[in-house]
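Architecture and fold: a report
Residue strings, one per chain:
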Amino acid sequence: MKNIEITQITTSPVQLIGKQWMLVTAGTPDKFNCMTASWGGIGFLWNRPVAFVFVRPNRHTATFIDEQPAFTLSFMPEQYRQDLVFCGRNSGRDVDKMANTSLVPATTPAGLPTFENAELVLECRKMFRSTLQEADFIDWSEVSPAWYAEDNPLHTLYICEISAALVQ
Ligand SMILES: Cc1cc2nc3c(=O)[nH]c(=O)nc-3n(C[C@H](O)[C@H](O)[C@H](O)COP(=O)(O)O)c2cc1C
């Protein structure tokens, strides 16, 4: 993969994250976990390009994110859609996601886990972590029934510096 400037990513983050989805992959090349995510963003904060993701604390991936200083966001071609569905419906606690998908692990130049054939990989260095609080919502009743009913804990927000953007 080769490095590009973050400004060369011209696809809207709403399309990229919200429609194409991404694999949040955290851990080490030897021991990692990934999950599908479609909530998050790419922006500019603290004078640097940042990515932010919302991960519920009960995700297996959350443990891996919390253990390492950095993780990756991998954007896969459309042919991997079913693999993203699988990684979004099953937990690495219960299944071997690599054995059940066509995803092939790879390692970024910074030593972070990602996947072969990812068309875009963002290396993300964690800068901020906070779990959403009910009291901070402007209208809790608007979001609560759909997103935070029982067994659906409030998301943890991670804001990360995009330390590298890589393409094929
Ligand atoms: C399309 C799609 C988008 C998802 N987006 C998110 C998300 O942004 N944040 C989140 O916490 N879970 C999200 N999920 C759910 C996780 O991917 C799912 O719970 C997964 O099984 C967690 O795997 P893990 O336990 O191995 O980490 C999404 C699932 C799908 C199918």
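**Concerning the overall build of the protein chain**
In terms of regular secondary structure, the protein chain is built from four helices and 10 strands. In the protein chain, the succession of helices and strands from N to C terminus is β-α-β-β-β-β-α-β-α-β-β-β-α-β. Here the protein chain has a C-alpha radius of gyration of 15 Å; the compact-globule value for 168 residues is 15 Å, and the two agree. With the C-alpha coordinates aligned to their principal axes, the bounding extent of the protein chain is approximately 45 × 40 × 30 Å. Summarising the internal contacts of the protein chain: among those between residues at least 6 apart in sequence, 72% fall at separations of at least 24.

**Observations concerning the site of the ligand**
Surveying the vicinity of the ligand reveals 20 residues, the closest of which are Trp 39, His 60, Thr 61, Gly 88 and Ser 91. The set of elements that each furnish at least two residues to the shell around the ligand consists of strand E3 (32-37), strand E5 (48-55), helix H2 (60-67) and helix H3 (81-89). Of the residues belonging to the shell around the ligand, the class tally is seven nonpolar, nine polar and four charged.

**Brief notes about the pairing of E5**
Here is the key point about a regular strand: its side chains alternate between the two faces of the sheet. As defined by bridge partners, strand E4 (residues 40-45) adjoins E5 across six bridges and the pair is classed as antiparallel. The partner of Gly 43 across the bridge, within E5, is Val 50. From the end of E4 to the start of E5, which pair antiparallel, there are two residues, and Trp 46 there has a positive phi angle of about 55 degrees. Relative to strand E10 (residues 156-167), E5 is paired through six bridges, and the arrangement is antiparallel. Across the sheet, the residue bridging to Ala 51 is Cys 160, located in E10.

**Focus: the nonpolar core**
In this structure, Met 22, Leu 23, Val 24, Ala 51 and Met 76 are the most contacted members of the largest nonpolar core, which totals 37 residues. Of the residues forming this core, the biggest block, five residues, is contributed by E10. With near-sequence residues (within four places) excluded, Met 22 lies in contact with Ile 17, Ala 37, Leu 73, Ser 74 and Phe 75.

**Details of the pairing of strand E2 (residues 22-27)**
Counting buried residues in E2 gives five out of six residues, a clear majority hidden from the surface. Between E2 and the antiparallel strand that follows it, E3, lie four residues. Summarising the sheet, E2 and strand E6 (residues 70-75) pair through three bridges and their orientation is antiparallel. Of the residues in E6, the one forming a bridge with Thr 25 is Thr 72.

**Thoughts on unusual backbone geometry**
Not every positive phi belongs to a glycine, and Trp 21 is a case in point at roughly 70 degrees. Mapped onto the elements of the fold, Trp 21 is located in the loop between helix H1 (13-19) and E2. A positive phi is found at Asn 47, a non-glycine position, where the angle reads about 60 degrees.

**Considerations on the environment of Thr 156**
Tracing the sequence through the fold places Thr 156 in strand E10. Exposure remark for Thr 156: the 18 C-beta atoms within 10 Å place this residue in the partly exposed category. Taking C-alpha positions, Thr 156 is 6.3 Å from Pro 57, a pair spaced 99 residues apart along the chain. Non-local contacts of Thr 156, meaning those with residues more than four positions away in its chain, are made with Val 55, Pro 57, Ala 62, Arg 129 and Thr 131.

**A short note on the environment of Ile 162**
Examined against the element boundaries, Ile 162 turns out to sit in strand E10. Given 19 C-beta atoms within 10 Å, Ile 162 falls into the partly exposed group. The spacing of Ile 162 and Ile 138 is 24 residues in sequence and 29 Å in space, taken between C-alpha atoms. Setting aside anything within four residues of it in sequence, one finds Ile 162 in contact with Ile 6, Pro 49, Val 50, Ala 51, Leu 122 and Cys 124.

What counts, and at which threshold
Residues numbered from 1 in each chain as written. Predicted model: local features only at pLDDT ≥ 70, side-chain atom pairs only at ≥ 80, totals over all residues. Helix = DSSP H or I, 4+ residues; strand = E, 2+ residues; numbered from the N terminus. Rg over C-alpha atoms; globule rule 2.2 N^0.38 Å. Contact = placed C-beta atoms within 7 Å. Near = placed C-beta within 6 Å. Nonpolar A, V, L, I, M, F, W, Y, C, P; charged D, E, K, R; others polar. Pairing = 2+ DSSP bridges. Core = buried A, V, L, I, M, F, W, Y, C linked by C-beta atoms within 7 Å. Buried ≥ 20, exposed ≤ 12 C-beta atoms within 10 Å, placed from the backbone.

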